[in-house]
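Report on the structure
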Amino acid sequence: MSNNVIDAKMLSKMFLSGAKNLEAKKEWINELNVFPVPDGDTGTNMTMTIMSAAKEVSALNDSASMEAICKAISSGSLRGARGNSGVILSQLLRGFTKVVKTNDEVNVQILAEAFDKAVETAYKAVMKPKEGTILTVAKGASEKAHELAVEGTEDIEFFCAEVIKYAEEVLSKTPDMLPVLKQAGVVDSGGQGLVQVLKGAFDGYLGKEIDLSINEESATPVTKNEVQEEADIKFGYCTEFIVLLSKPLNVKQEIDFKNFLESIGDSIVMVADDEICKVHVHSNDPGLAIQRALMYGQLSNMKIDNMRMEHREKLFHENNDGSWAEIKTEINGAAELTPTYLPGDDIPLGDKVEMIDEAASNEPRKEIGFVTVCAGSGLADIFRGLGVDYVIEGGQTMNPSTADILDAVAKVNADTVIVLPNNKNIILAANQAAIMCEDGDEDKKIVVVPSKTVPQGITAIINYVPDVPVEDNVAAMTDAISTVNTGEVTYAVRDTVIDDVQIRQGDYMGIGDSGILSVGSGIEDVAFEMLSRMMNEDLELISVYYGEDVEEKDAEALKERISKEYPGCDVELQFGGQPIYYYILSAE
C-alpha cells in the first residue's frame, strides 16, 4: 500500500490499535483527574466508549468496506458513550467517519477534512465548550492537520507524526488555560486520552506488534453478580447465530431485540450493521431467541451448546462425582426443572417457561414516565417511592452509557420519558440518547432535566405536577433544581492542591457544587463544615443521605448536631446506601 493513502483494512487496524492503547493507559489517565476522589473515571469512560466501537469493528471481516467500518466506529461509540469525555470522544469519531466513509482510500487532504468535521461535530454537542479540555486538544490536532494539507504534505507517516506532536504540545498547555489543572499539577485527562488514541492509531499504521483482540469485558462494566462458579449455570444453552437482515434495524428495533434477549437469558452480545446482526445469548430456551430473530430476516451460522451437560459430563467422567441422572436429564431437555436424581429415579419433563414479565408488558401506556440514575439501594427506593419508573444503577462510580439510557427508556411504557441524570458527567450521554431517540423515529420522546446531583433529581421530581403540559413541568423542574445546594463527603486518593487547599491522601473532603468546601480527618466534622459553607439565611430544608459505609447511629449524631446549629430549618435523615460517598447533603 502507498505511503500516501489509508485503505479500509488499515483504518480498521489503526482504530483498534488506538482503542487498545487507550485501554492500556486508562488507569494512568484516571489519575489525572483534578479531584483526587476514588471514582476518577475519565480513562474508564473513554475506554468503555471506544471499546464499544472496537467490538463492532472487530466483528467485521477482513474485507469490510470503509463505509462498514465507519458505521461500526460511529454507531458503536455513540451507543457506548459514557461520561462527558466519552460522549465528546464519540462525537469526534462520528464527525471523523462522516467524511471518511465516502472514500475507498483516504489521503492527507481527506484526513484533514475529517479532523475538521470531527471538531465541528464535537463542539456542537457541548452547550458551553470550555478551553483547556479534550476539545482544545482536538482543535489543535485539526488545525495542524489543515496546515499540513494546505502546505501540500502527502506523506501520511509524516502527517500523523506532526499532528500528534502538535496535539501533545497543545495538551501540555492545558494547565495554562484552566487554573484548576495548573494548581493540581496535571494536564487535562480527556485531552491525554485523545492523544493516546492518536498515538496508538499511529503505532498501528507503522506496523508495530499490537494485540488487536477485543474481549467482551473491555466494553462491559463488571458487576458484583457477573462472575459465577462454573457449576452455577442459570441458563443452560449457549446460542449463537447471524441474522441476514431483510432491512437495517432502526434504533427502536435494536433496543427491543436486545431487551427481549435480556428477558430470556444473559451473557448477551448483539452487534448489527445494515446487512447482518450477530447474536450471542445464554438461555434455557434457544427457540425463543431464534423465533424472535426470524422477524428480522433469515438465519445463518447457527450454533447451540448445552453448557450444563458439558460441565456435568466432565464432572462424571473426570471426577466420578456427577449424577448419571443429571446427564440423562440434560439429554431429555429438562435440566432447569430438575434437582439431582439417583439412578432409576423418574425424571419429570415439564413445559417450557417463558421468562417475560407479563405484568410489565400489560401495563397501560402512560403520557409521562421517569428514568433516573443513582447508586445506592436507599436512593433507588426514594426515587421509586416518588414515582420513578426505572432506576439505572450508576452515578459517580459508574457513568451509564447512552445505550444504557436508551435501554431504560425503552422499558418505560410512556409517550414521553423524563430522564434525570443526577450527575453533570451523565447529562451529555442523556442528551445524546434524546437525539438518537428522535433520529430513530421512535414512538416516544426523551426529555432531559439536567439535574447534576441526586438531591437535585429528588427536588425535580417532587416538583412534577400531573396533568400539566410536559413543557411546563420540565420548565418548573429545571427551575427547581437551581434552588438546591449539594455537598458530598468522600476521601482523597492522592496528595494535591485545589483552590489553594492542601489535600493529603486519606483526608476526608467535602465537595460542593463549586468545588472543595472542607477537608479534614473526621467524617462528621468535614460534613458539618461543608454544610456550614453551603448555608444562607434563605434556606429552610436540610436533607442528609448517609452511605453504605456509615453507621445509622453516626448519621443520627450528625443530624442532631445540624438541628442544634440550624433550629429554623427542617432536617431530614435518610439512608442512601451510596458507595464511596459517606454523606450527600442538600440545603434548599
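Since we're looking at a predicted model, the values are computed, not measured.

On the secondary structure map, Ser142 appears in helix H6 (residues 134–150). For Ser142, a relative accessible area of 5% translates into the label buried. If we ignore the near neighbours within four places in the chain, the residues touching Ser142 are Phe115, Asp116 and Val119.

When you line up the elements, Ser17 lands in helix H1 (residues 8–30). Classification of Ser17 as buried rests on a relative accessible area of 2%. Placed 196 residues apart in sequence, Ser17 and Ser213 show a C-alpha to C-alpha distance of 9.7 Å. Setting aside residues up to four positions removed in sequence, Ser17 forms contacts with Gly200, Ala201, Gly204, Ile210 and Leu212. Here Lys13 takes part through its backbone oxygen, which lies 2.8 Å from a polar atom of the side chain of Ser17.

The final tally for this structure, using the stated rule, is 18 salt bridges. Taking the shortest distance from any N to any O, the salt bridge between Asp389 and Lys366 comes out at 2.4 Å. With Asp389 in the loop between helix H16 (377–385) and strand E8 (390–393) and Lys366 in strand E7 (residues 366–374), this pair connects stretches of sequence that are 23 residues apart. What makes Lys366 partly exposed here is its relative accessible area of 27%. Through salt bridges with shared partners, one network takes in Lys117, Glu120 and Lys124.

Next up on the list: a negative patch on the surface. Among the surface-exposed residues, Glu537, Asp538, Glu540, Asp570 and Glu572 lie close enough to one another that they form a single negatively charged patch. Here Glu540 shows up in the loop between helix H21 (523–534) and strand E16 (541–546).

Quick look at the environment of Thr490 now. Counting through the fold element by element, Thr490 comes out in strand E11 (residues 485–491). Between the alpha carbons of Thr490 and Tyr583 there is a distance of 7.6 Å; along the sequence they are 93 residues apart. From its side chain, Thr490 meets the backbone oxygen of Ile580 in a polar contact 3.1 Å long.

For the rest of this paragraph, the subject is helix H3 (residues 66–80). For H3, with 15 residues, the first-to-last C-alpha span of 21 Å sits near the 21 Å given by 1.5 Å per residue. With eleven of its 15 residues buried, H3 lies for the most part within the structure.

Our next topic: the sheet that holds E7. The strand order E8-E7-E9-E10 describes an open sheet built from four strands, whose pairing is parallel. Among the strands making up the open sheet, the edge pair consists of E8 and strand E10 (445–448). The average undirected angle you get between the axes of adjacent strands in this sheet is 25°. This element, helix H17 (residues 402–410), spans E7, E8, strand E9 (414–420) and E10 of the sheet and lies at about 160° to E8.

About the cut-offs
Residues numbered from 1 in each chain as written. Predicted model: local features only at pLDDT ≥ 70, side-chain atom pairs only at ≥ 80, totals over all residues. Heavy atoms only, no water. Helix = DSSP H or I, 4+ residues; strand = E, 2+ residues; numbered from the N terminus. Buried < 20%, exposed > 50% of the residue type's maximum accessible area, 1.4 Å probe, protein only. Contact = heavy atoms within 4.5 Å. Polar contact = N/O pair within 3.5 Å; in protein donor to acceptor, adjacent residues only side chain to side chain. Salt bridge = Lys/Arg side-chain N within 4 Å of Asp/Glu carboxyl O. Patch = residues over 30% accessible without salt bridge, like charges linked within 9 Å, V, L, I, M, F, W, Y side chains within 5 Å. Areas by Shrake-Rupley, 256 points an atom, 1.4 Å probe, with all protein chains shown as cover. Lys, Arg positive; Asp, Glu negative; His and termini not counted. Charge placed at Lys NZ, Arg CZ, Asp CG, Glu CD. Expected span 1.5 Å × (residues − 1). Pairing = 2+ DSSP bridges. Axes fitted to C-alpha atoms, helices over the stretch in contact; angles between N-to-C directions.

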